[in-house]
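Listed here are the chains, written in short residue letters.
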Amino acid sequence: MSVRTADEAEPGAGDGRPAPGAAVAAAARKREQRGWYFYDFAVSVYSASVLTVFLGPYLTSVAKAAADAEGFVHPLGVPVRAGSFFAYSVSASVILAVLIMPLAGALADRTGRKKPLLAVAAYTGAAATAGMFFLEGERYLLGGLLLIVANASLSVSMVVYNAYLPQISTPDERDTVSSRGWAFGYTAGSLMLVLNLVLYLGHDSFGLTEGEAVRICLASAGVWWGAFALVPLRRLRDRTAARAPQAGPAVSGWKQLVATLKDMRRYPLTLSFLLAYLIYNDGVQTVISQASVYGSQELELEQSTLIGAVLLVQVLAVAGALGMGRLARAYGAKRTILGSLAAWGVTLAAGYFLPARTPAWFFALAAMIGLVLGGSQALSRSLFSHLVPAGKEAEYFSAYEMSDRGLSWVGPLVFGLTYQVTGSYRDAIISLVVFFALGFVLLARVPVRRAVEAAGNPVPERI
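Please read these numbers as outputs of a predicted model, since none were measured by experiment. (Residues numbered from 1 in each chain as written. Predicted model: local features only at pLDDT ≥ 70, side-chain atom pairs only at ≥ 80, totals over all residues. Heavy atoms only, no water.)

**Points about the overall build of the chain**
Alright, step 1. Along its length, the chain carries 17 helices and two strands.
Alright, step 2. A total of 463 residues make up the chain; the buried ones form 50% of that total.
Alright, step 3. A separation of at least 24 residues holds for 81% of the contacts in the chain among residues at least 6 apart in sequence. (Helix = DSSP H or I, 4+ residues; strand = E, 2+ residues; numbered from the N terminus. Buried < 20%, exposed > 50% of the residue type's maximum accessible area, 1.4 Å probe, protein only. Contact = heavy atoms within 4.5 Å.)

**Considering helix 11 (residues 333-352)**
Note: α-helices contain 3.6 residues per turn, so residues at a spacing of three or four share the same orientation.
Alright, step 1. End to end, helix 11 covers 29 Å across 20 residues, agreeing with the expected 28 Å (1.5 Å per residue, within 8%).
Alright, step 2. What helix 11 keeps buried is the set Ala333, Lys334, Thr336, Ile337, Leu338, Ser340, Leu341, Trp344, Gly345, Thr347, Leu348 and Gly351. (Expected span 1.5 Å × (residues − 1).)

**Thoughts on unusual backbone geometry**
The general pattern is negative phi for most residues beyond glycine and trans for most peptide bonds.
Alright, step 1. In this model, Leu76 sits at a positive phi of 55°, which is unusual for a non-glycine residue.
Alright, step 2. Along the chain, the position of Leu76 falls in the loop between strand 1 (72-73) and strand 2 (80-81).
Alright, step 3. By relative accessible area, which is 88% here, Leu76 ends up exposed.

**Here we look at the packing of aromatic side chains**
Alright, step 1. As enumerated under the stated definition, the model contains 20 aromatic pairs in all.
Alright, step 2. Here Trp36 and Tyr161 contribute two aromatic rings whose centre-to-centre distance is 4.4 Å and whose plane-to-plane angle is 10°, an arrangement assigned as stacked. Pair noted here: Trp36 is in helix 1 (residues 20-66) and Tyr161 is in helix 4 (residues 140-163), with a separation of 125 residues, a long-range link. Here Trp36 matches Tyr161 in class, with each residue buried.
Alright, step 3. Their ring planes at 70° and their centres at 6.2 Å tell us that Phe41 and Phe184 sit as a pair that is edge-to-face. With Phe41 in helix 1 and Phe184 in helix 6 (residues 174-201), this residue pair connects regions lying 143 residues apart in the sequence.
Alright, step 4. By relative accessible area, Phe41 is classed as buried at 12%.
Alright, step 5. An aromatic cluster is present here, built from Trp36, Tyr37, Phe38, Tyr39, Phe41, Tyr161, Phe184, Trp224 and Phe228 joined pairwise through their rings.
Alright, step 6. Of note, Arg81 hangs over the ring of Tyr419, and the distance from its end group to the ring centre comes to 5.8 Å.
Alright, step 7. For the cation-ring pair, Arg215 lies above Phe133, with the distance from its terminal atom to the ring centre recorded as 4.8 Å. (Phe/Tyr/Trp six-rings, centres within 6.5 Å; stacked < 30°, edge-to-face > 60°. Lys NZ or Arg CZ within 6 Å of the ring centre and 35° of its normal.)

**A short note on the nonpolar core**
Alright, step 1. Counting residues in hydrophobic clusters, the biggest one holds 116 residues, and the most contacted among them are Trp36, Tyr39, Tyr46, Leu55, Trp225, Phe273 and Trp344.
Alright, step 2. No other element matches helix 1, which puts 18 residues into this core.
Alright, step 3. Residues contacting Tyr39, with those up to four places away along its chain left out, are Leu118, Ala122, Ser157, Met158, Tyr161, Trp225, Ala229 and Pro232.
Alright, step 4. Grouped together as the second largest cluster of nonpolar side chains are seven residues, Val98, Met101, Ala104 and Val159 included. (Core = buried A, V, L, I, M, F, W, Y, C linked by side-chain atoms within 4.5 Å.)

**Looking at helix 16 (residues 433-444)**
Alright, step 1. Given a rise of 1.5 Å per residue, 12 residues ought to cover 16 Å, and the 16 Å separating the end C-alpha atoms of helix 16 matches this to within 8%.
Alright, step 2. Within helix 16, the full set of buried residues consists of Phe435, Phe436, Gly439 and Leu443. The arc enclosing the buried residues of helix 16, seen along the axis, measures out at 90°, which places them on a common side.
Alright, step 3. Buried positions along helix 16 lie against helix 9 (268-298), helix 11 and helix 14 (410-422). (Arc of directions from axis to C-beta.)

**Points about the pattern of salt bridges**
Alright, step 1. A complete count under the given rule lists four salt bridges for this structure.
Alright, step 2. Arg237 is the partner of Glu32 in a salt bridge, and the nearest nitrogen-oxygen pair spans 3.6 Å. Pair noted here: Glu32 is in helix 1 and Arg237 is in the loop between helix 7 (210-235) and helix 8 (249-264), with a separation of 205 residues, a long-range link.
Alright, step 3. Residue classification places Glu32 among the buried positions, given a relative accessible area of 4%. (Salt bridge = Lys/Arg side-chain N within 4 Å of Asp/Glu carboxyl O.)

**Structural notes on the packing of helix 3 (residues 114-130) against helix 4**
Two packed helices can be described by the angle between their axes and the distance between those axes.
Alright, step 1. Where helix 3 contacts helix 4, the axes come no closer than 8 Å and their chain directions differ by 155°. With respect to their mutual orientation, helix 3 and helix 4 come out roughly antiparallel. The two elements helix 3 and helix 4 cross, and the hand of that crossing is left-handed. For the pair helix 3 and helix 4, contact is made by Lys114, Leu117, Leu118, Ala121, Ala122, Thr124, Gly125, Ala128 and Thr129 and by Leu146, Val149, Ala150, Ser153, Val156, Ser157, Val160, Tyr161 and Ala163, respectively.
Alright, step 2. In terms of residue class, the contact of helix 3 with helix 4 is made up of 12 nonpolar, five polar and one charged. (Axes fitted to C-alpha atoms, helices over the stretch in contact; angles between N-to-C directions. Parallel < 35°, antiparallel > 145°, perpendicular 65-115°, else oblique. Left-handed = near helix turned anticlockwise from the far one by under 90°. Nonpolar A, V, L, I, M, F, W, Y, C, P; charged D, E, K, R; others polar.)

**Let's talk about a nonpolar patch on the surface**
Alright, step 1. Taken together, the side chains of Ile95, Leu96, Leu99 and Ile100 make up a nonpolar region of the molecular surface, amounting to roughly 320 Å² of accessible area.
Alright, step 2. When you line up the elements, Leu99 lands in helix 2 (residues 85-111). (Patch = residues over 30% accessible without salt bridge, like charges linked within 9 Å, V, L, I, M, F, W, Y side chains within 5 Å. Areas by Shrake-Rupley, 256 points an atom, 1.4 Å probe, with all protein chains shown as cover.)

This is how it looks when you write it as structure tokens:
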């Protein structure tokens, strides 16, 4: 048996260079990371183009075309004001997603086969979105069904997608990898909105009606989603499950969620922050999904104005996140978030008084939303990370994701009910102030330094 001498040692061993095995592993990890970014690139066009811009006003117009003389449609025999149908459909999609997510999460964790689950969720959502091309005439029920399926599929796919992050990155890389995925998503959303704007504004030159242009914009998001989902599905790989299944996936998923929530009772200050976040974030998500309905139906703005406003939000959300990050370093995350919640309240109050048919004022409102949107969400996530006990990051953030999506149907429901009762979108938009006001009060009452200490974590100089 021969013995390798020092001169024959493996290259890179002991000379400061990475060993070939480590270099190969790093290269494979980088390849998966680049593939992972592209799922955000694939799916973000749905949120930016379909949910935020086109579907709300278009589905509302289809529902109104099918309404009776009093302005009501009757899905499943229930009288619903046509202007509330989109908001109710969003709420229904979130409820469905919450019922499915524990099943998907348990299957992913217990079997290790994340990629097939990601493929099923992605292509179910992409197919439902592409099917929106057939949403015309009085087919409001078809539109509601496709919205529910696409939204629920998006939520399930994001649970599986996010679960890859700890597997494809080292702890030191995680912030960078996550941020790049977020940047890819905003880039895709902006690019698709530009293409949509060209098609929508030039629909006459393309030989299309306005409705046909909108339906093509909706369907193109589904095609984009399905096409670019191929990249992560080719590059990501499954890992062997850490433990064998001990129960059915649905039972295991709900048991794990219940166990985590029970453990959280040992950290009541962490729960207090989570409650505050869930309430004000529900307001944020509702503003995002209902702003285009408000702009088109109440302010009587053109679709091109709405697309431009969303583009402005996309760009300024990045700038706002960076700017609020600097404020947090100077004043602490809690104070900065509280300031952003106050700004959200002022923004909605300003929106209530906006005059109709004045695009300039709507762009000003969009700028205000963009500047507080990215920062309030980014800082909330980072602040929560300080309140999580060491060694329990994955399960706490899993509950964070579940709870976040689980409550985000309340805001659209409040928006829809307010319009149902009053018939005014101005009343509906101002009703959302309660989410930011209540979230502000609850967050202000959380002693975050004591909460960090109670979780066993070092307290930052500014928190």
